[in-house]
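Topology and contacts: notes
Listed below are the residues making up each chain.
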Amino acid sequence: GKGNMSRAEEAMELYHIALFLEFNMLAQGCEDIIVESISLDSVITILKWSSQPYGSKWVYRQALHFLCEEFSHIMTSDVLFELSKDHLLTAIQSDYLQASEQDILKYVIKWGEHQLIKRMADREPNLLSGTAHSVNKRGVKRRDLDIEELKEILSPLLPYIRIEHILPTNSEVLSDTMKRGLISTPPSDMLPTAEGGKANAWLRQKNAGIYVRPRLFSPYVEEAKSVLDEMMVEQTDLVRLRMVRMSNVPDTLYMVNNAVPQCCHMINHQQITGSQAAPPSVVANEIPVPKLSVVKDMIRRLQELRHTDQVQRAYGLNCGEGATVSYEIQIRVLREFGLSDGAAELLQNPHKFFPEERFGDESPVLALRQSGRCRINSTPAVESMFTDLESLANFPPPLPP
């Protein structure tokens, strides 16, 4: 083997062996090791490996998630310049990128300038490379960069920066970018509307069609929450004031006709209560519940895996680890369908999210036990006891509940 390999690199090599041997549990364990080792130092290596056809799609999604979550730290380090254009493009397209639009614009331009300097270094004659006159030694000033070539490098990236959401509105980064000609048109919210005022790209308005969906940037979310809390307090105070005023109105419910049956009110009340108790729309407080057809496909896939010889042998070991085997199968199904491990409850208790549906998850072992179950205060005949034992002797290892 190779020397000085990190734990993640060893797991990558072992992952390929596990896929070749069709040892799915081992491959899944390798994925867990690789994801646990994602950091600023290893994210580039893991992104490159997982994005290849022989890499793991699930690891790739987790690495992209780390890239978006830690982008504010990545863009201020040298890791930014090691990112490929495809990975950087995928990150800035995400609604969950954790960075302000001003910083995204600033560091995407820095990334483009670094790529242009690398091009200039590759184009210089071999006689100059490594000498004091080379690009790497003497450096390059910003005014020496070819703006047209820089625009060509940044052209796939700049359209996905939501410049309408750059704060403050008089940002020096934005004005400098426009002066250099990297952005040809100003943000739409800076342009006057037909009514003479300025539109707001943060809000979805009926008459203005320039709404741009903002990112779920944590500081913006917390600020929005605080504003909503203040509005709710004001609304609550207003409702209380109205209730005080209404308390002076005399209660005239006794004038209602007593012939109205009492049960009508009870039935309506129960229907309202039942409608309010809607099934949850998210799993683990963060993952939206997929469509019913997707959940049925996931459960069908789960049943297929349960009936494979490898899983049946795992259940047949009788080591008290049946629940662990079931959980590992559920994790595998979630990863195949592009969901995180936190959505395991969706497979463990699908009726919680779709109470009116039947998923066909009755176990044949349970049916056998129910058919052979005796009534209370009854004693089975001696002959039937021995026949039941003979039938159970040849029964395969049980499926999980």
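Predicted, not measured: the structure shown is a model, and the values here were computed from it. (Residues numbered from 1 in each chain as written. Predicted model: local features only at pLDDT ≥ 70, side-chain atom pairs only at ≥ 80, totals over all residues. Heavy atoms only, no water.)

Between its first and last C-alpha, helix H1 (residues 7–20) extends 20 Å over 14 residues, near the 20 Å set by a 1.5 Å rise per residue. Residues of H1 that are buried include every one of Ala8, Ala11, Met12, Tyr15 and Ala18, and no others. Take H1 and look down its axis: the buried residues cluster within an arc of 125 degrees, on one side only. In the core, the buried residues of H1 are packed alongside helix H2 (24–36) and helix H3 (43–50). Of the residues trailing H1, Glu22 is marked for its positive phi of about 55 degrees. (Helix = DSSP H or I, 4+ residues; strand = E, 2+ residues; numbered from the N terminus. Expected span 1.5 Å × (residues − 1). Buried < 20%, exposed > 50% of the residue type's maximum accessible area, 1.4 Å probe, protein only. Arc of directions from axis to C-beta. Contact = heavy atoms within 4.5 Å.)

The next thing to look at is the environment of Glu101. Structurally, the position occupied by Glu101 is in helix H8 (residues 101–123). Taking the C-alpha atoms as reference, Glu101 lies 8.7 Å from Glu164; in sequence the two are 63 residues apart. Excluding residues that lie within four positions of it along the chain, Glu101 makes contacts with Ile161, Arg162, His165, Ile166, Arg215 and Tyr220.

We now examine unusual backbone geometry. In this structure, the amide linkage connecting Leu167 to the following residue, Pro168, adopts the cis form with an omega of -5 degrees. Structurally, Pro168 can be placed in the loop between helix H10 (147–154) and helix H11 (172–179). Residue Glu22 is not a glycine yet carries a positive backbone phi of 55 degrees.

Next up on the list: the confidence of the model for the protein. Taken as a whole, the protein shows an average pLDDT of 77; of its residues, 70% reach a score of 70 or greater. Ignoring residues within four places in sequence, the model shows residues 361–393, a span with pLDDT below 50, making 11 contacts including any to other chains. (pLDDT = per-residue confidence, 0-100.)

Let's shift gears to a negative patch on the surface. Together, Glu223, Asp229, Glu230, Glu234 and Asp237 make up a region of like negative charge exposed at the surface. Its place among the elements puts Glu223 in helix H12 (residues 218–246). (Patch = residues over 30% accessible without salt bridge, like charges linked within 9 Å, V, L, I, M, F, W, Y side chains within 5 Å. Areas by Shrake-Rupley, 256 points an atom, 1.4 Å probe, with all protein chains shown as cover. Salt bridge = Lys/Arg side-chain N within 4 Å of Asp/Glu carboxyl O. Lys, Arg positive; Asp, Glu negative; His and termini not counted. Charge placed at Lys NZ, Arg CZ, Asp CG, Glu CD.)

Relative to each other, helix H14 (residues 292–306) and helix H16 (residues 322–336) sit at 135 degrees, their axes nearing to 10 Å. What the angle tells us is that H14 and H16 run oblique. Note that H14 runs across H16; the crossing there is right-handed. Only Ile329, Gln330, Arg332, Val333, Leu334 and Glu336 of H16 make contact with H14, whose side of the interface consists of Met298, Arg301, Leu302, Leu305 and Arg306. Grouping the amino acids of the contact of H14 with H16 by side-chain chemistry returns 6 nonpolar, 1 polar and 4 charged. (Axes fitted to C-alpha atoms, helices over the stretch in contact; angles between N-to-C directions. Parallel < 35°, antiparallel > 145°, perpendicular 65-115°, else oblique. Left-handed = near helix turned anticlockwise from the far one by under 90°. Nonpolar A, V, L, I, M, F, W, Y, C, P; charged D, E, K, R; others polar.)

For the rest of this paragraph, the subject is the side chain of Glu101. With relative accessibility at 3%, the residue Glu101 sits in the buried group. Reaching out from Glu101, the side chain makes a polar contact with the backbone nitrogen of Arg162 at a distance of 3.1 Å. (Polar contact = N/O pair within 3.5 Å; in protein donor to acceptor, adjacent residues only side chain to side chain.)

Let us look at H10. Considered for burial, the residues of H10 that qualify are Glu149, Leu150, Ile153 and Leu154. Projected down its long axis, H10 shows its buried positions confined to an angular sector of 135 degrees, all on one face. Residues of H10 that are buried make contact with helix H7 (85–93) and H8.

Our focus in this paragraph is the pattern of salt bridges. Taken as a whole and judged by the stated rule, the model has 15 salt bridges. Arg335 is paired through a salt bridge with Asp32; the nearest N and O atoms lie 2.3 Å apart. Taken together, the residues span a long stretch of sequence, with Arg335 in helix H16 and Asp32 in helix H2 at a distance of 303 residues. The closest approach of N and O atoms between Arg162 and Asp95, which form a salt bridge, is 2.6 Å. You can see Arg162 sitting in the loop between H10 and H11 and its partner Asp95 sitting in the loop between H7 and H8, a full 67 residues away along the chain. Grouping residues by exposure puts Arg162 and Asp95 together as buried. One salt-bridge network, in which partners are shared between bridges, spans Glu31, Asp32, Arg335 and Asp341.

Together, Leu14, Ile17, Phe20, Leu21, Phe23 and Met25 make up an exposed nonpolar region whose accessible area comes to about 610 Å². At 3 residues, H1 tops the list of elements feeding residues into the nonpolar patch. Note that Leu21 resides in the loop between H1 and H2.

Let's shift gears to the packing of H2 against H16. Two numbers describe how H2 lies on H16: the axes approach to 11 Å, and their chain directions differ by 70 degrees. When the axis of H2 is compared with that of H16, the two are roughly perpendicular. Classified by chirality, the crossing of H16 by H2 is left-handed. From H2, Asn24, Met25, Gln28, Glu31 and Asp32 reach across to H16, where they touch Glu328, Ile329, Ile331, Arg332 and Arg335.

Quick look at the packing of aromatic side chains now. Working definition: an aromatic ring pair is given by the centre-to-centre distance plus the angle between the planes. Within this structure, the stated rule accounts for 2 aromatic pairs. With a centroid separation of 5.5 Å and an interplanar angle of 80 degrees, the aromatic rings of Tyr15 and Trp49 are classed as edge-to-face. Placement of Tyr15 in helix H1 and of Trp49 in helix H3 is noted, with a sequence separation of 34 residues between them. According to the relative accessible area criterion, Tyr15 is buried, its value standing at 7%. Exposure remark for Trp49: the relative accessible area of 8% places this residue in the buried category. Sitting over the ring of Trp58, Arg335 keeps its end group 3.4 Å from the ring centre. (Phe/Tyr/Trp six-rings, centres within 6.5 Å; stacked < 30°, edge-to-face > 60°. Lys NZ or Arg CZ within 6 Å of the ring centre and 35° of its normal.)

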